[in-house]
Every structure is written in C-alpha cells, then in structure tokens.
Amino acid sequence: VERTLALGFLLQIVAVVLLAIGWSQRWFPFDTPAYDAMRQLWPFLALQILFYAFFIRRPTVGKIWALLLLLSITEGLGVILMLWGFAGGRGFA
C-alpha cells in the first residue's frame, strides 16, 4: 500500500509539472482562451499535492478514502472554475 501511494504521489507531481510546462509554453490547448482560464486551476492542483502528502503518511483505509474524496472534490471544483473561465464567465442558454 505504501509503495502504491508513493507511486501515485509521484505521478501526481509529474502530472502537475507537465501541465505547468505545457501551460507556460502555451502548448495546445493553452494557445487559446484556455490559457487564462487555467489560472483558476492552480490553487486546486496545489491542494491536491498537499492533501496527498498529508494522507500518505501512515495510511489507513479511512485516510485513503478521505484522500480520494478530497482529490475528487478539488479536481471537480478546479475544472468547473476553469471551464467557467474558458466560457468567459457566463452560462449558455
């Protein structure tokens, strides 16, 4: 369990780093309005790394479930805010 969580933590960090590199270089799809919309996602990505780092210490079944719940919530809120920013802060009829 510890090795699996450590691998997941490493993959989470690699994913955020690759996303940051792609965003900073304006690689696709960040060469459009998604570049500005992505700014709203960074705090949620940072929270995911912090949650992961906290919950993988002395893991229990409850901590793993809490981690999955918190990662899902932060990812969902971040993506919703990013899409809202991408749509120009308005809803469509």
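Up top you'll find the structure we're talking about.
Here we summarise the structure given alongside this text. (Residues numbered from 1 in each chain as written. Predicted model: local features only at pLDDT ≥ 70, side-chain atom pairs only at ≥ 80, totals over all residues. Heavy atoms only, no water.)

**Section: the packing of aromatic side chains**
Per the stated rule, a full pass over the model turns up three aromatic pairs. Taking the centre distance of 5.6 Å and the plane angle of 45° together, the rings of Phe-9 and Tyr-52 count as tilted. Pair noted here: Phe-9 is in helix α1 (residues 2–24) and Tyr-52 is in helix α3 (residues 42–55), with a separation of 43 residues, a long-range link. Taking the centre distance of 5.1 Å and the plane angle of 85° together, the rings of Phe-54 and Phe-55 count as edge-to-face. (Phe/Tyr/Trp six-rings, centres within 6.5 Å; stacked < 30°, edge-to-face > 60°. Helix = DSSP H or I, 4+ residues; strand = E, 2+ residues; numbered from the N terminus.)

**Description of α3**
Over its 14 residues, α3 runs 20 Å from end to end, which matches the ideal 20 Å to within 8%, given 1.5 Å per residue. Within α3, burial applies to Trp-42, Phe-44, Leu-45, Gln-48, Tyr-52 and Phe-55. Among the structural elements, α1 and α4 (61–86) are those in contact with the buried residues of α3. (Expected span 1.5 Å × (residues − 1). Buried < 20%, exposed > 50% of the residue type's maximum accessible area, 1.4 Å probe, protein only. Contact = heavy atoms within 4.5 Å.)

**Focus: the nonpolar core**
Formed by Val-16, Trp-23, Phe-30, Tyr-35, Ala-37, Met-38, Leu-41, Trp-42, Leu-45 and Met-82, the largest nonpolar core amounts to 10 residues. Within the residue set of this core, elements represented by two or more residues are α1, α2 (34–37) and α3. Not counting chain neighbours up to four residues away, the residues in contact with Met-38 comprise Leu-19, Trp-23, Phe-30, Leu-45 and Met-82. Listed in part, the seven residues of the second largest apolar core include Leu-5, Phe-55, Ile-56 and Leu-71. (Core = buried A, V, L, I, M, F, W, Y, C linked by side-chain atoms within 4.5 Å.)

Read these as geometric descriptors, not functional statements.
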